[in-house]
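Fold and contact review
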Amino acid sequence: MSDASERTAGADVDWDAQAAVFDDEPDHGLRAPGTRAAWAAKLRGWLPGQPSDVLDLGCGTGSLALLAAEQGHRVTGVDASPAMVERARAKLAGQDARVLCGDAAVPPVVERGYDVILVRHVLWTLPRPAEVLRHWRTLLRPGGRFVLVEGVWGSLSPVGMPVDEVTALLAPLAGRIRVEPLSGDPLLWGKTVADERYAVLAEI
């Protein structure tokens, strides 16, 4: 997440205007080989070992969706920004993937159609996150999983969701929840970070 977006709630950002520069952030564009490899390794550990249907909500320009597709998964990306969707479609051309324009909170997809819901730095921007998670659960097949990458950014006016808040929201919905801290790996972010960054993995 960029310094600018640390100070601005996600709902207030013009994501169409940001699309042209979104991939300039190391953890967005994954242009550095080390950063790309670090995220690819994380996805290998988080996603099923066999080809699965992955729903990437708030997919942005599709960098994580591309990594998942390259690992053999069938990927559906959803983003509310037409400009982001256009870039994601170009990035994912030739992969077993599609990108839809729609609201991440209520994506235009069928119920029980996915093995994994992958969300990075999106849940904290959505109103009524408990309601959103309940809806997302209806999109997962039995035995499916959430992979939620979130955090708390900034020091003067922090934004985001503490990990305890996310796990509490998931507790009624999931059978097993695991938290993986991510702040200590500078390769993921292209720099050393001191704020709270984590992944929550929850199986239903």
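Let me sum up the structure you'll find in this document. (Residues numbered from 1 in each chain as written. Predicted model: local features only at pLDDT ≥ 70, side-chain atom pairs only at ≥ 80, totals over all residues. Heavy atoms only, no water.)

Along the protein chain, the regular secondary structure elements total nine helices and eight strands. What you see for the protein chain is a C-alpha radius of gyration of 15 Å, in line with the 17 Å of a compact globule of 204 residues. In terms of overall dimensions, the protein chain has a C-alpha envelope of 40 × 40 × 30 Å along the principal axes. Burial status across the protein chain gives 51% buried among its 204 residues. Restricting the contact set of the protein chain to residue pairs at least 6 apart, pairs at least 24 apart contribute 65%. Accessible surface computed for the protein chain: about 9,200 Å², of which carbon and sulfur atoms make up 52%. (Helix = DSSP H or I, 4+ residues; strand = E, 2+ residues; numbered from the N terminus. Rg over C-alpha atoms; globule rule 2.2 N^0.38 Å. Buried < 20%, exposed > 50% of the residue type's maximum accessible area, 1.4 Å probe, protein only. Contact = heavy atoms within 4.5 Å. Areas by Shrake-Rupley, 256 points an atom, 1.4 Å probe, with all protein chains shown as cover.)

Before going further, it helps to examine the pattern of salt bridges. Under the criterion given, the structure shown has eleven salt bridges. A salt bridge links Arg-36 to Glu-70, with the nearest nitrogen and oxygen atoms 2.9 Å apart. Note that Arg-36 is positioned in helix H4 (residues 33-46) and Glu-70 in helix H5 (residues 63-70), a separation of 34 residues in sequence. Given a relative accessible area of 30%, Arg-36 falls into the partly exposed group. Among the ionic pairs, Arg-74 bridges to Asp-53, the shortest N-O distance being 2.8 Å. Taken together, the residues span a long stretch of sequence, with Arg-74 in strand E2 (residues 74-79) and Asp-53 in strand E1 (residues 53-57) at a distance of 21 residues. (Salt bridge = Lys/Arg side-chain N within 4 Å of Asp/Glu carboxyl O.)

A few words on the packing of aromatic side chains. Under the counting rule described, the total for this entry stands at four aromatic pairs. Taking 6.2 Å as the distance between ring centres and 80° as the angle between the ring planes, the aromatic pair formed by Trp-15 and Phe-22 counts as edge-to-face. According to the relative accessible area criterion, Trp-15 is partly exposed, its value standing at 32%. Of the residues examined, Phe-22 reaches a relative accessible area of 15% and is grouped as buried. When the ring of Trp-124 is compared with that of Trp-153, the centres are 5.7 Å apart and the planes differ by 55°; the resulting orientation is tilted. Of this pair, Trp-124 sits in the loop between strand E4 (114-120) and helix H7 (129-139) while Trp-153 sits in strand E5 (residues 140-153), and the two are 29 residues apart along the sequence. Each member of the pair Trp-124 and Trp-153 is classed as buried. Counting every residue linked through ring pairs, the aromatic cluster contains Trp-39, Trp-46 and Trp-189. For the cation-ring pair, Arg-120 lies above Trp-39, with the distance from its terminal atom to the ring centre recorded as 4.6 Å. Geometry around Trp-189 places Arg-197 over its ring, the cationic atom sitting 4.6 Å from the centre. (Phe/Tyr/Trp six-rings, centres within 6.5 Å; stacked < 30°, edge-to-face > 60°. Lys NZ or Arg CZ within 6 Å of the ring centre and 35° of its normal.)

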